[in-house]
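Given next are the chains, with one letter for each unit.
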Amino acid sequence: MTVTARPLPPLATLTDAQRRGADCVFCSTPLRNRASVDLGMRRRTEHGQVLTLHPRRCAAACRTGGAGE
Ligand SMILES: [Zn+2]
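Rules behind the numbers
- Think of each chain on its own: its residues are numbered from 1, step by step along the sequence as written.
- It should be noted that, the model being predicted, local features are given only for residues of pLDDT at least 70 and side-chain atom pairs only at 80 or more, the latter also being counted only at that level, while totals for whole chains, interfaces and linings use all residues.
- Helical segments are the DSSP runs of H or I of at least four residues, strand segments are the runs of E of at least two, and each set is numbered from the N terminus.
- Partly exposed residues are those whose C-beta has more than 12 but fewer than 20 other C-beta atoms within 10 Å; 20 or more makes a residue buried and 12 or fewer makes it exposed, with C-beta atoms placed from the backbone.
- Two residues qualify as being in contact provided that their C-beta atoms, derived from the backbone, are within 7 Å of each other.
- Two strands pair if DSSP finds at least two bridges between them.
- Structurally, a nonpolar core is described as a collection of buried Ala, Val, Leu, Ile, Met, Phe, Trp, Tyr and Cys residues joined by way of C-beta atoms within 7 Å.

Here we come to the overall build of the protein. Counting its regular elements, the protein contains one helix and four strands. Each helix (α) and strand (β) of the protein, taken in turn from the N terminus, gives the series α-β-β-β-β. Across the 69 residues in the protein, those meeting the buried criterion constitute 17%. Excluding contacts between residues fewer than 6 apart, the proportion of contacts in the protein whose partners are at least 24 apart in sequence is 47%.

Residues in a regular strand project their side chains so that they alternate between the two faces of the sheet. Burial within strand β3 (residues 49-53) is sparse, with just zero of its five residues counted as buried. Relative to β3, strand β2 (residues 42-46) runs antiparallel, the two being bridged by five bridges. From the neighbouring strand, Glu46 faces β3, where its bridge partner is Gln49. Here β2 hands over to β3 after two residues, with His47 in that stretch at a positive phi of 50°.

Examined against the element boundaries, Arg57 turns out to sit in strand β4 (residues 56-58). Residue Arg57 is classed as buried on the basis of its 22 C-beta neighbours within 10 Å. Residues Arg57 and Cys27, 30 residues apart in the sequence, show an inter-C-alpha distance of 8.0 Å. When sequence neighbours within four positions are dropped, the list of residues in contact with Arg57 reads Cys24, Val25, Phe26, Ser36, Val37, Leu39 and Cys62.

Structurally, Phe26 is set in the loop between α1 (16-20) and β1 (36-38). Sequence spacing of Phe26 and Cys58 is 32 residues, and the spatial spacing of their C-alpha atoms is 8.4 Å. Excluding anything up to four places from it in sequence, Phe26 contacts Pro9, Arg57 and Cys62.

Of note, Leu39 is situated in the loop between β1 and β2. As a C-alpha pair, Leu39 and Gly21 span 18 residues in sequence and 9.1 Å in three-dimensional space. Ignoring anything within four residues of it in the chain, the contact list for Leu39 reads Val25, Pro55, Arg56 and Arg57.

A word on the nonpolar core. Residues Leu14, Cys24, Val25, Phe26 and Leu31 constitute the largest nonpolar core, which totals five residues. Not counting residues within four places of it along the chain, the set of residues in contact with Cys24 comprises Thr29, Leu31, Arg56, Arg57, Cys58 and Cys62.

Shown next as structure tokens:
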């Protein structure tokens with residue numbers, strides 16, 4: 001089992017765009033025009049429903065310190 005460097009943020013804190021991989025899952029940066037790293041498909045259960053996530057993150061260093069609207 002591979003341990004990744006960083007766990008995903010709690011599902012409840014992720015936006016729809018973050019769940020789809022449109023925005024960085026860690027810092028919310030839109031990834032449309034940026035290099036990104038695919039973190040692989042994840043499954044989570046929310047309100048009794050199984051959700052499929054496709055999280056991605058910035059290929060470069062993330063902005064740290066939270067969601068930064
Ligand atoms: Zn990021």
